[in-house]
Amino acid sequence: MKPVNEAAVTFLSRSANEGFARTTAACFAAQLDPTLEEVNDIKTAVSEAVTNCIVHAYPDTLGKVSMRLRMFEDNVLEIVVKDWGVGIADVEQARTPLFTTGDESRSGMGFTIMESFMDGVRVRSAPGKGTTVTLRRRISRRMGGAV
């Protein structure tokens, strides 16, 4: 399926860029005329995906994070967050609620939160090569909606 619009950004794994990623995703999604709840869900899921890159992919260094945003004719928004960090040895285990490789300040709920706010979450990872998280969400059609 060919996207009707797309954008991409790349940024460093600095904590300050988590807010940049959230806002970027919300602005891109605005073309689909989402409800406030849908915007907040998207922002929360993106926040979790990017925070995972910042905290887990590059625990002792700065690295590159990319975010590709695409929308499709059927009002589906797709957001792909990718890093080239340490990777995940066991993706299934990482997706288990309360599991974390971070310190005691981490809740281990990142993937669970992403799954609760998006229609689909796909995780691909290889140790030493990085992780790609694909988030998909269908935006409800409203009167006056774009696309």
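How each quantity is defined
Residues numbered from 1 in each chain as written. Predicted model: local features only at pLDDT ≥ 70, side-chain atom pairs only at ≥ 80, totals over all residues. Heavy atoms only, no water. Axes fitted to C-alpha atoms, helices over the stretch in contact; angles between N-to-C directions. Helix = DSSP H or I, 4+ residues; strand = E, 2+ residues; numbered from the N terminus. Parallel < 35°, antiparallel > 145°, perpendicular 65-115°, else oblique. Left-handed = near helix turned anticlockwise from the far one by under 90°. Contact = heavy atoms within 4.5 Å. Nonpolar A, V, L, I, M, F, W, Y, C, P; charged D, E, K, R; others polar. Core = buried A, V, L, I, M, F, W, Y, C linked by side-chain atoms within 4.5 Å. Buried < 20%, exposed > 50% of the residue type's maximum accessible area, 1.4 Å probe, protein only. Arc of directions from axis to C-beta.

### Digging into the packing of helix α2 (residues 36-57) against helix α4 (residues 110-117)
When two helices pack together, their arrangement is given by the angle between the helix axes and by the axis-to-axis distance. Axis separation between α2 and α4 bottoms out at 9 Å; the angle between their running directions is 155°. Between α2 and α4, the crossing angle belongs to the class labelled roughly antiparallel. As for how α2 packs across α4, the hand of that crossing is left-handed. Across from D41, T44, A45, E48, A49 and N52 in α2, the residues of α4 making contact are G110, F111, I113, M114 and F117. In the contact of α2 with α4, the residues fall into 6 nonpolar, 3 polar and 2 charged.

### Re the environment of N40
Considering the arrangement of structural elements, one finds N40 in helix α2. In this structure the C-alpha to C-alpha distance between N40 and F117, which are 77 residues apart in sequence, comes to 9.0 Å.

### Re the nonpolar core
Core analysis: the biggest nonpolar cluster contains 31 residues, and V46, I79 and L135 have the highest contact counts within it. Here this core takes 8 residues from α2, the largest share from any one element.

### Observations concerning unusual backbone geometry
Its identity as a non-glycine residue notwithstanding, D33 has a phi of 55°, on the positive side. Relative to the helices and strands, D33 resides in the loop between α1 (16-29) and α2. Relative accessible area serves as the criterion here: at 22%, D33 is assigned to the partly exposed category. Despite not being glycine, N75 shows a phi value in the positive range, around 65°. Overall, the relative accessible area of 2% leaves N75 in the buried class.

### A closer look at α4
Taken together, the buried positions of α4 are G110, F111 and M114. Relative to the axis of α4, the buried residues are bounded by an arc of 95° and lie together on one face.

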